[in-house]
Amino acid sequence: MTLARQSARRRPSELLLPTPAGLFCPPADIHIDPVRPVARALITHGHSDHARAGHGAVLATRETLAIMALRCGEGFAGSQQAVAPGEVVRIGEVTFRFVPAGHVLGSAQIVVESRNLRIVVSGDYKRERDPTCAAFEPVPCDIFITEATFGLPVFRHPPADGEVGKLLESVRLFPERTHIVGAYSLGKAQRVMALIREAGYERPIHIHGAVEKITEYYQAEGIPLGEIRMVAGADRKALAGEIVICPPSATQDLWARRFPDPVTAFASGWMRIRARARQKGVELPLVISDHADWDDLLATIREVQAGEIWVTHGEADALVHWCGTAGLRAKPLHLVGYGDEGEAEDAGEVADAAV
């Protein structure tokens with residue numbers, strides 16, 4: 001790098017810095033995934049720990065804006081601007097670009113550039129193939145801001161199709177039992193449905209009312225999920241041997257106990273921890289995650305070739321320590337308000353759904 005280029009380069013703190021509201025870009029006067037209402041916000045994806053209502057203006061992918069409208073209501077922001085993947089948006093001296101993150105439909109990393117400095121904000125992401133959303137695209141950068149939800153070596157996720165195979169084998173072995181699969185209503189539920197179809201399962205899949213709106217949106221976007229039926233109004237005794245998908249919180253409600261001798265499953269990266277599965281009464285844990293596991297976090301950091309790593313949330317300390325051993329500068333940002341999409345979100349949807 002020439003001396004002229006070095007002297008012209010922005011300092012990182014001039015381009016992005018953590019604030020109580022979230023990551024803030026001072027020269028553009030805009031936040032990324034703010035945790036409280038702000039004047040202008042860039043949103044990486046539609047989960048409620050990243051996409052909140054009440055901002056003055058929101059820039060996001062078309063799919064994320066549609067998902068926010070479904071979950072928060074049409075008036076979730078003062079104004080909305082859809083940004084296509086790869087499209088460059090300039091605000092003052094700063095350019096922003098949305099690049100697929102592979103997390104859920106419409107999810108994006110945000111590439112922030114100004115004066116020869118490029119910072120990539122990952123949002124939530126995964127590297128494993130997902131038939132319901134665009135795959136993660138690594139972007140070489142100077143600073144990579146990554147999540148670390150599963151940032152411990154114990155979290156090494158098996159292939160998701162193998163976990164779905166376990167579910168279908170249980171359905172075959174226990175045709176007298178209803179298989180109830182807990183899966184977060186945005187992204188995970190639809191991914192599980194799509195993987196079930198890819199495995200050759202052709203019978204109807206039954207869903208809880210809290211999963212309906214997002215599932216219909218995925219289908220409207222051309223994602224093949226096969227025949228989907230609502231549990232509401234169905235004779236639950238007739239659902240022996242069938243697959244029912246619902247928010248995780250519903251698996252522990254009276255709602256779930258009304259099915260014939262139910263097998264309770266839960267699709268989550270947290271199911272790698274067997275004690276957690278037992279604590280939640282999960283008979284059939286399915287290790288299916290929409291976040292990068294330990295190996296994929298490390299592989300991504302190597303691939304983007306950033307000299308500095310900032311960790312927004314999750315198991316930050318372990319990932320920061322690994323970066324140090326790899327000769328990379330790294331620090332946790334200690335941002336509050338982010339995490340796994342969580343059961344609190346789905347519990348609210350269960351309460352609101354007519355089931």
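This is a predicted model, so every value here is computed, not measured.

Observations concerning empty space enclosed by the protein
Using the criterion set out here, one finds three cavities of 30 Å³ or more in the structure. Taken together, 13 residues form the lining of the largest cavity, with Leu-23, Asp-33, His-50, Val-121 and Thr-312 sitting closest to its centre. Put simply, the parts of the chain that give the lining of the largest cavity at least two residues each are strand 11 (143–148) and strand 18 (308–314). Taken as a whole, the second largest cavity holds about 50 Å³ of empty space. Residue lining of the second largest cavity: ten residues in total, with Pro-248, Thr-251, Gln-252, Phe-266 and Val-282 positioned closest to the centre. The leading source of residues in the lining of the second largest cavity is strand 16 (residues 263–267), at three residues. Within the lining of the second largest cavity, the residues separate by chemical class into four nonpolar, four polar and two charged.

Points about the packing of aromatic side chains
This structure, assessed with the given rule, holds seven aromatic pairs. Consider the rings of Phe-150 and Trp-270, whose centres lie 4.6 Å apart with planes at 55°: the pair is tilted. Within this pair, whereas Phe-150 is found in the loop between strand 11 and helix 4 (160–173), its partner Trp-270 is found in the loop between strand 16 and helix 8 (274–279), the two being separated by 120 residues in sequence. In this pair, the class of Phe-150 matches that of Trp-270, namely buried. Seen from the ring of Trp-270, Arg-276 lies directly overhead, with NZ or CZ sitting 4.5 Å from the centre. One Lys or Arg, Lys-331, reaches over the ring of Trp-310 and ends 4.5 Å from the middle of that ring.

Brief notes about unusual backbone geometry
Positive phi, normally seen in glycine, also occurs at Asp-29, with a value near 50°. Within the secondary structure layout, Asp-29 lies in the loop between strand 2 (22–25) and strand 3 (30–32). For Asp-33, which is not glycine, the phi torsion reads 50° and is therefore positive. Structurally, Asp-33 is set in the loop between strand 3 and strand 4 (40–42).

A closer look at the sheet that holds strand 8 (residues 94–100)
Sheet strands associate in pairs through backbone hydrogen bonding, adopting either a parallel or an antiparallel arrangement. Here we have seven strands laid out as an open sheet, ordered 7-8-9-10-11-18-19, and mixed in their pairing. Lying at the two open borders of the sheet, with one neighbouring strand each, are strand 7 (88–91) and strand 19 (329–332). Each strand axis lies, on average, 20° off the axis of its neighbour in the sheet, ignoring direction. Relative to strand 19, strand 18 runs parallel, the two sharing four bridges. What sits directly across from Ile-309, in strand 19, is Ala-330. On top of the sheet, helix 10 (residues 316–325) reaches strand 11, strand 18 and strand 19; it is set at about 170° to strand 19, its chief contact.

Thoughts on the sheet that holds strand 2
Taken in spatial order, the six strands line up as 1-2-3-4-5-6 in an open sheet, and their pairing is mixed. The two strands at the open ends of the sheet, each matched to only one other strand, are strand 1 (17–19) and strand 6 (77–82). The mean angle between the axes of side-by-side strands here comes to 30°, regardless of whether they run parallel or antiparallel. In terms of strand pairing, strand 4 meets strand 5 (residues 55–60) through three bridges, oriented parallel. If you follow Leu-42 over to strand 5, its bridge partner there is Leu-59.

Some details on the pairing of strand 16
For strand 16, the tally of buried residues reaches five of five residues, placing the bulk of the element in the interior. Relative to strand 16, strand 12 (residues 179–182) is paired through four bridges, and the arrangement is parallel. Within strand 16, the position partnered with His-179 by the bridge is Val-263. The sheet contact formed by strand 16 and strand 17 (residues 284–286) spans three bridges and is parallel. For Ala-267, the partnering residue across the bridge sits in strand 17 and is Leu-286. Taken together, strand 16, helix 8 and strand 17 form a β-α-β motif whose crossover is right-handed.

Reading the values: the criteria
Residues numbered from 1 in each chain as written. Predicted model: local features only at pLDDT ≥ 70, side-chain atom pairs only at ≥ 80, totals over all residues. Heavy atoms only, no water. 1 Å grid on protein atoms, 1.4 Å probe; cavity = no way out; pocket = protein on both sides within 12 Å on 5 of 7 lines; lining within 4 Å. Points joined across faces, edges and corners; volume = space filled by probe spheres on them. Helix = DSSP H or I, 4+ residues; strand = E, 2+ residues; numbered from the N terminus. Nonpolar A, V, L, I, M, F, W, Y, C, P; charged D, E, K, R; others polar. Phe/Tyr/Trp six-rings, centres within 6.5 Å; stacked < 30°, edge-to-face > 60°. Buried < 20%, exposed > 50% of the residue type's maximum accessible area, 1.4 Å probe, protein only. Lys NZ or Arg CZ within 6 Å of the ring centre and 35° of its normal. Pairing = 2+ DSSP bridges. Axes fitted to C-alpha atoms, helices over the stretch in contact; angles between N-to-C directions. Contact = heavy atoms within 4.5 Å. Right-handed = clockwise from strand over helix to strand, strands pointing away.

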